[in-house]
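Secondary and tertiary structure notes
The primary structure of each chain is shown beneath.
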Amino acid sequence: MNLSDNSVPQQWTTGRPVVLGNVHVISMDAGIGDFVGDIVIEGDTIRDLGPRAGRPGDALVIDAGGAIAIPGLIDGHVHAWEGALRGVSPDSDFMTYMSLTHGKLAPLMTPEDVAIGQALTAARALDQGVTTIVDNNHNVRSAQHAEAAIEALRAAGIRTVFAAGVGMGQPDEHLLPLLLQLRTAYDDDLTRIRLMQAFPTVEGWKFAVEHGLGVVAEIGGWVEDLDSYLNSGLLGPSFTLDHCAGLSGTQWSRIADSGAAVAVAPRSDPHYGLGVAAPVLQAERAGVQVALSSDNEFEYGSHLFEEMRQLMSAQRGASFAATQAGEADVPRPWGVRDALRAATAGGALAADFAGRIGVLKPGAKADLVLLSTEHLRPIASELGAAVSYATARDVQTVVVDGRLRKWAGELVDVDWPALVRQGEDSRDRLLAKAGSSVEELRFEGQLVLD
């Protein structure tokens, strides 16, 4: 069998080992390195890999010759509930975005609307080679909204850290007790439950730590009395801090000492004016391995390959500028492996799955991507092709938790046209209730509501 065999999805069954043979593997594990050989999947785990990996006799053997295998990409911060609002207001600044989403549209959304947005975001992520998302779901208006959101993600088969929160001006009395209910109902390796706070509170952080929950918080120089949070003694490896624009060197050092993860947003920060570029050089100087974030699709399209390239350019530009300014101890300019590390190992830190995802090695979760080189040729460096040239078109195969989610360039068990129609219907209903329509927006850069 080969990568164009349409019978593979029917034969890739639970419990049967799978061998992806003769593939160019970029493992992102220093001890294993890169090689041409086999990846052996058994259940939800990588059983073996290497030039001479053992092939079980009952395995489904697929000749993946010429393809490039990378760990599944990890989006360290995305608001999946906004999936149906893709491109509604491309020119919005930050406060307009918050007003339109949380002030106008979020209150109109039913659990069904949220589920449709989640399903769209998950399907688009899988299509692009993203196998894990940290879903900063700041529209958990009720238990029904949360359950609809999680069920949609589980049905899509994407690995998720579901960080439940509320948006600007939303009531939140229900949120903390609800987190404990969600953890009891859902928390496993495919769905982790966390607290999400767009505007952090010490009370929320204390609750999460006391109950063994992780936390996602969006922070930056705009947060009042930020040092009180960084000095609270609550920060730890189960915390993921998003954006982190405008922080001082001392504040970065406190984050590094705490072991908290950081997800930077290469396109979001300059788009919203939170920073000239993602603060990747500041993170490096503090010894923090960053994760990548697509943030949302309200203004621009999510694509982690583009985020990698944007982040690499931002880091290289900042490194060269610092060197030219005569600064000391400047981190070296990034190469393509550094960019891929942010999208894999860095993302694993943001999801609190370090060593289990974002890497191809025995015992790790079977989350991986095969890139076809059909449209990438001519290439010399497979690593360079994966980072500097690949797009969703080149994502041939996606595996999450040992299950096939994309094959031969098509999502498995997803009726994409039907899902898009559901998204458009949901969006149009919401816009109509808010007093607008797609026809009014078609040639506009920004949604304006009274």
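That block above? That's the structure.
Now for a look at the structure at hand. All values reported here derive from a predicted model rather than from experimental measurement.

**Details of the overall build of the protein chain**
Of the regular secondary structure elements, the protein chain holds 16 helices and 17 strands. Relative to its length of 450 residues, the protein chain is compact, with a C-alpha radius of gyration of 21 Å against a globular reference of 22 Å. Principal-axis analysis of the C-alpha atoms places the extent of the protein chain at approximately 60 × 55 × 45 Å. Partitioning the intrachain contacts of the protein chain with sequence separation of at least 6 by distance along the chain shows that 72% fall at a separation of at least 24. Of the roughly 17,300 Å² that the protein chain leaves accessible, carbon and sulfur atoms contribute 48%. Placing the 35 positive and 58 negative side-chain charges of the protein chain at their respective mean positions leaves the two points 5 Å apart.

**Structural notes on helix α4 (residues 143-156)**
Over its 14 residues, α4 runs 20 Å from end to end, which matches the ideal 20 Å to within 8%, given 1.5 Å per residue. Among the residues of α4, H145, A146, A148, A149, I150, A152 and L153 are the ones counted as buried. On the buried face of α4, the contacting elements are α3 (111-127), β7 (130-137), β8 (159-164), α5 (175-186) and β9 (191-197). Just past α4, the residue G157 takes up positive phi, approximately 85 degrees.

**Some remarks on a nonpolar patch on the surface**
Taken together, the side chains of M95, M168 and F199 make up a nonpolar region of the molecular surface, amounting to roughly 290 Å² of accessible area. Along the chain, F199 turns up in the loop between β9 and α6 (202-210).

**What about the packing of aromatic side chains?**
Pairs of aromatic rings are described using the distance from one ring centre to the other and the angle between the two planes. Using the criterion set out here, one finds five aromatic pairs in the structure. Judged by centre distance (5.5 Å) and plane angle (40 degrees), the rings of Y97 and Y272 are tilted. Separated by 175 residues along the polypeptide, Y97 in helix α2 (residues 94-105) and Y272 in helix α9 (residues 268-272) bring together distant segments of the chain. Pair check on accessibility: Y97 and Y272 agree, each one buried. Members of the aromatic cluster, connected to one another through ring pairs, are F94, Y97, Y272 and F298. One residue, R159, lies across the ring of F353, its end atom 5.6 Å from the ring centre.

**Some thoughts on the side chain of D38**
Secondary-structure assignment places D38 in strand β2 (residues 34-42). Residue classification places D38 among the buried positions, given a relative accessible area of 7%. With near-sequence residues (within four places) excluded, D38 lies in contact with V19, L20, G21, N22, D48, L49, G50, A53 and R55.

**Notes on unusual backbone geometry**
For the bond running from R377 to P378, omega is 0 degrees, close enough to zero to count as cis. With respect to the helices and strands, P378 occurs in the loop between β14 (368-371) and α14 (382-389). Backbone geometry at D352 places phi at a positive 60 degrees, although glycine is not the residue there. Checked against the element boundaries, D352 lands in the loop between α13 (345-350) and β14. On the basis of relative accessibility, which here comes to 36%, the residue D352 falls in the partly exposed class. Of note in the backbone geometry, D401 takes a positive phi value of approximately 55 degrees without being a glycine. With respect to the secondary-structure elements, D401 resides in the loop between β15 (395-400) and β16 (403-407).

**A look at the nonpolar core**
Counting residues in each nonpolar core, the largest one holds 103 residues, and the members touching the most others are F162, I219 and I255. Broken down by element, this core gets its largest block of residues, eight residues, from α3. Formed by 25 residues, the second largest nonpolar core is a distinct cluster that contains V23, L49, I62 and A69.

**Some points on the packing of helix α12 (residues 336-343) against α14**
Running from N to C, α12 and α14 point in directions that differ by 60 degrees, and their axes come no closer than 9 Å. Between α12 and α14, the interaxial angle falls into the category oblique. Where α12 crosses over α14, the handedness of that crossing is left-handed. Between α12 and α14, the residues in contact are V336, R337, A339 and L340 and L383, G384, V387 and S388, respectively. Across the contact of α12 with α14, the residue classes break down as five nonpolar, two polar and one charged.

**Topic: the sheet that holds β8**
In spatial order, the strands read β6-β7-β8-β9-β10-β11-β12-β13; together these eight strands make up an open sheet with parallel pairing. The sheet is open, and its two edges are formed by β6 (73-78) and β13 (290-292), each paired on a single side. Neighbour to neighbour, the strand axes of the sheet diverge by 25 degrees on average, direction disregarded. Two elements, strand β11 (residues 239-245) and strand β12 (residues 261-264), share three bridges in a ladder whose sense is parallel. In the sheet register, D242 faces β12, and the bridge partner there is A263. Sitting on the sheet, α3 is in contact with β6, β7 and β8, with an inclination near 150 degrees to β7. Taken strand by strand, helix α8 (residues 249-258) contacts β10 (214-220), β11 and β12, and its axis lies near 160 degrees from that of β11.

Criteria and cut-off values
- Residues numbered from 1 in each chain as written.
- Predicted model: local features only at pLDDT ≥ 70, side-chain atom pairs only at ≥ 80, totals over all residues.
- Heavy atoms only, no water.
- Helix = DSSP H or I, 4+ residues; strand = E, 2+ residues; numbered from the N terminus.
- Rg over C-alpha atoms; globule rule 2.2 N^0.38 Å.
- Contact = heavy atoms within 4.5 Å.
- Areas by Shrake-Rupley, 256 points an atom, 1.4 Å probe, with all protein chains shown as cover.
- Lys, Arg positive; Asp, Glu negative; His and termini not counted.
- Charge placed at Lys NZ, Arg CZ, Asp CG, Glu CD.
- Expected span 1.5 Å × (residues − 1).
- Buried < 20%, exposed > 50% of the residue type's maximum accessible area, 1.4 Å probe, protein only.
- Patch = residues over 30% accessible without salt bridge, like charges linked within 9 Å, V, L, I, M, F, W, Y side chains within 5 Å.
- Salt bridge = Lys/Arg side-chain N within 4 Å of Asp/Glu carboxyl O.
- Phe/Tyr/Trp six-rings, centres within 6.5 Å; stacked < 30°, edge-to-face > 60°.
- Lys NZ or Arg CZ within 6 Å of the ring centre and 35° of its normal.
- Core = buried A, V, L, I, M, F, W, Y, C linked by side-chain atoms within 4.5 Å.
- Axes fitted to C-alpha atoms, helices over the stretch in contact; angles between N-to-C directions.
- Parallel < 35°, antiparallel > 145°, perpendicular 65-115°, else oblique.
- Left-handed = near helix turned anticlockwise from the far one by under 90°.
- Nonpolar A, V, L, I, M, F, W, Y, C, P; charged D, E, K, R; others polar.
- Pairing = 2+ DSSP bridges.

Treat this as a map of the structure, not an account of what it does.
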